[in-house]
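Here are the chains, one letter per residue:
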Amino acid sequence: MNFFEFKDSQLYAEDVKVTDLAKEFGTPLYVYSKATIERHLNAFENALASKKHLTCFAVKSCSNLAVLNLLAKLGAGFDIVSEGELRRVIAAGGDPKKVVFSGVGKTEAEIEYALSVGINCLNIESEEEIDAVIKVAKKLNVVAPVALRVNPGVDPKTHPYISTGLKNNKFGVSEEIALELYQRLAKEPCLKVSGIDCHIGSQMTDAAPIIEASEKIVNLYQKLLALGIKVDHIDMGGGLGVTYDKEVPPQPLDYYAPILEKLSGYDVALYIEPGRAMIANSSVLLAKVLYQKNNGDKHFVITDTGMNDMIRPALYGAYMTIENAVDHKDVAPVVCDVVGPICESDDFLGKERSLKVKNGDILAVRGAGAYGSSMSSTYNTRRLPCEVMVDGKNATVIKKRQSFEDIWKDECILN
Ligand code: LLP
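J.: Help me understand the domain arrangement of the protein in this model?
T.: Domain parsing of the protein yields domain 1 (4-32 + 280-408) and domain 2 (34-277). Facing 23 residues of domain 1, the contacting portion of domain 2 comprises 22 residues. It is Y316, Y371 and M389 that lose the most area in domain 1 upon contact with domain 2, and together they represent 27% of the buried surface on that side. Here domain 1 and domain 2 share 1 salt bridge between them. Taken together, the connections running from domain 1 to domain 2 amount to 11 residue pairs in polar contact (both at pLDDT 80 or more). Elements that contribute at least two residues to the side of domain 1 that touches domain 2 include exactly α11 (312-316), β20 (386-391) and β21 (394-399). Looking at the side of domain 1 that touches domain 2 element by element, the count peaks at 4 residues for β20.

J.: Any chance you could explain the pattern of salt bridges here in plain terms?
T.: Opposite charge on two side chains permits them to pair, given that their charged atoms come into close proximity. Within this structure, the stated rule accounts for 23 salt bridges. Among the salt bridges present, the one from K329 reaches D327, with a minimum N-O distance of 3.4 Å. Take D327: its relative accessible area is 30%, and that puts it in the partly exposed class.

J.: When you look at the site of the ligand in this model, what are you seeing that I'm missing?
T.: The environment of the ligand is made up of 19 residues, and the closest members are S202, E273, R312, Y316 and Y371. The separation between a nitrogen atom of the ligand and a polar side-chain atom of D79 is 3.1 Å. Within the side chain of Y316, one N or O atom sits 2.6 Å away from a nitrogen atom of the ligand. Out of a free accessible area of 580 Å², the ligand has 92% covered by protein chains. Of the residues that constitute the shell around the ligand, the class distribution is 6 nonpolar, 7 polar and 6 charged.

J.: Help me understand the packing of aromatic side chains in this model?
T.: Applying the stated criterion across every chain, the model contains 4 aromatic pairs. Here Y255 and Y256 contribute two aromatic rings whose centre-to-centre distance is 5.0 Å and whose plane-to-plane angle is 85°, an arrangement assigned as edge-to-face. An aromatic cluster of three or more residues is present, and its members are F44, Y255 and Y256. The residue whose ring lies beneath K7 is Y12, and the NZ or CZ to ring-centre distance is 4.5 Å. In this structure, R383 is placed above the aromatic ring of F404, and the distance from its NZ or CZ to the ring centre is 4.2 Å.

J.: I keep staring at helix α8 (residues 208-226) and nothing clicks. Help me out?
T.: Working note: α-helix, 3.6 residues per turn, so residues spaced by three or four point in the same direction. Over its 19 residues, α8 runs 27 Å from end to end, which matches the ideal 27 Å to within 8%, given 1.5 Å per residue. When we look at burial in α8, the residues that qualify are P209, I210, I211, A213, S214, I217, V218, L220, Y221 and L224. Buried residues along α8 sit in contact with β9 (144-151), α7 (175-187), β11 (191-197), β12 (233-235) and α9 (252-263). Of the residues flanking the end of α8, it is G228, one or two places downstream, whose phi is positive at about 85°.

J.: Is there a simple way to think about the sheet that holds strand β2 (residues 10-13) in this case?
T.: Backbone-to-backbone hydrogen bonds pair the strands of a sheet. The strands run either parallel or antiparallel. Pairing is antiparallel across the open sheet formed by 3 strands, whose spatial order is β1-β2-β3. A single partner strand is all that each edge strand has here, and the edge strands are β1 (4-7) and β3 (16-17). Across 4 bridges, the pairing between β1 and β2 is antiparallel. Its bridge partner being in β2, K7 is matched across the sheet by Q10.

J.: Please explain the side chain of S202 as it appears in this structure.
T.: Note on placement: S202 falls in the loop between β11 and α8. Exposure remark for S202: the relative accessible area of 9% places this residue in the buried category. Reaching out from S202, the side chain makes a polar contact with the side chain of R276 at a distance of 2.8 Å.

Calculation rules
- Residues numbered from 1 in each chain as written.
- Predicted model: local features only at pLDDT ≥ 70, side-chain atom pairs only at ≥ 80, totals over all residues.
- Heavy atoms only, no water.
- Domains from an automatic or database assignment.
- Contact = heavy atoms within 4.5 Å.
- Buried area = accessible area lost by both parts, 1.4 Å probe.
- Salt bridge = Lys/Arg side-chain N within 4 Å of Asp/Glu carboxyl O.
- Polar contact = N/O pair within 3.5 Å; in protein donor to acceptor, adjacent residues only side chain to side chain.
- Helix = DSSP H or I, 4+ residues; strand = E, 2+ residues; numbered from the N terminus.
- Buried < 20%, exposed > 50% of the residue type's maximum accessible area, 1.4 Å probe, protein only.
- Near = heavy atom within 4 Å.
- Areas by Shrake-Rupley, 256 points an atom, 1.4 Å probe, with all protein chains shown as cover.
- Nonpolar A, V, L, I, M, F, W, Y, C, P; charged D, E, K, R; others polar.
- Phe/Tyr/Trp six-rings, centres within 6.5 Å; stacked < 30°, edge-to-face > 60°.
- Lys NZ or Arg CZ within 6 Å of the ring centre and 35° of its normal.
- Expected span 1.5 Å × (residues − 1).
- Pairing = 2+ DSSP bridges.

Written out as structure tokens, the structure reads:
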């Protein structure tokens with residue numbers, strides 16, 4: 001559920017017409033709804049309420065400081081994959097003690113920074129990373145809290161680019177060697193074996209894969225207990241899908257219930273790392289229609305918003321709902337490709353869409369909050385979009401539109 005709704009043929013973000021926002025702040029414009037973010041976090045918190053838990057928002061999905069600050073104030077933790085993301089969380093007022101650090105390529109400098117600020121857990125993804133963590137922990141003379149990211153070899157049945165739990169993905173260590181590696185970790189005085197971690201993929205619209213993965217992880221947990229190795233948490237990662245088109249993903253309550261059932265009776269906390277399900281439908285991206293034209297059999301609606309602002313359609317062939325922010329009664333629908341101004345043929349927001357559209361209209365790309373702004377770029381030397389957060393009737397700029405000079409400020413001309 002989100003707070004972007006049509007009233008009298010006009011799309012509203014909470015109590016504000018999005019066309020008014022486009023007029024005031026320009027386009028491309030990311031519009032976030034504060035109430036939606038709060039509602040989504042509550043849904044996760046309620047789903048896990050019966051167990052000790054930590055909801056770690058996946059910062060990569062949307063890293064705006066205002067979003068992180070809002071979630072931090074509501075008590076969320078964070079899942080990060082770089083020093084930059086950790087620094088963002090801290091800058092936004094987040095508590096490092098609620099941060100877990102995943103990623104296959106953490107550098108020693110990143111590990112050092114994470115340990116020096118007192119991170120909750122390092123999710124180690126390879127045997128060689130264990131050596132790096134030991135080296136840094138000894139240097140700092142600290143005990144490093146660690147988990148192994150275990151790859152359970154489960155097919156998340158999602159787009160191949162966002163599957164991570166298959167045997168041939170680069171992520172985590174295989175189930176087969178996990179037990180042996182845990183025994184090694186347990187012998188190291190400078191390590192605290194804190195958790196078991198896994199993340200099998202993203203945009204999962206069915207609970208079966210995560211249930212299968214959780215069976216394997218609980219099995220490993222039991223084997224570790226038998227060896228006298230007791231972790232304090234199991235981290236099932238992110239991955240819960242959202243409705244971009246007609247998908248009907250499970251609600252957090254139903255998604256996590258079977259996992260909680262498997263964990264009942266065990267003194268272990270459940271960590272989760274949701275990104276998309278928290279933030280995708282908490283935002284729309286507004287684009288302005290500049291021109292229309294017919295080339296061959298195709299009708300093109302050309303907007304000022306391109307793959308640099310929202311790369312998901314171009315990169316994954318992802319479907320994102322596009323709506324006219326004003327539902328015209330007097331315009332006939334036309335089947336069109338909605339494209340951007342970038343000089344690439346895959347610069348599109350949507351293909352073969354039926355839209356009632358006039359030049360100057362504002363189109364809303366729904367579900368834009370996850371992997372939207374955080375994957376945007378300045379390709380074609382276009383400025384990063386402005387972002388606003390709506391709270392009831394009020395809208396606050398949470399990211400100013402870049403200046404052109406900002407784009408090249410770190411570049412230098414040879415003497
Ligand atoms: N934890 C880890 C270790 C991850 O790698 C990810 C996402 C998450 C949590 C959050 O997953 P979520 O709840 O958002 O599904 N750019 C792609 C998605 C890439 C996901 C990468 N990992 C897209 O736009 O669909």
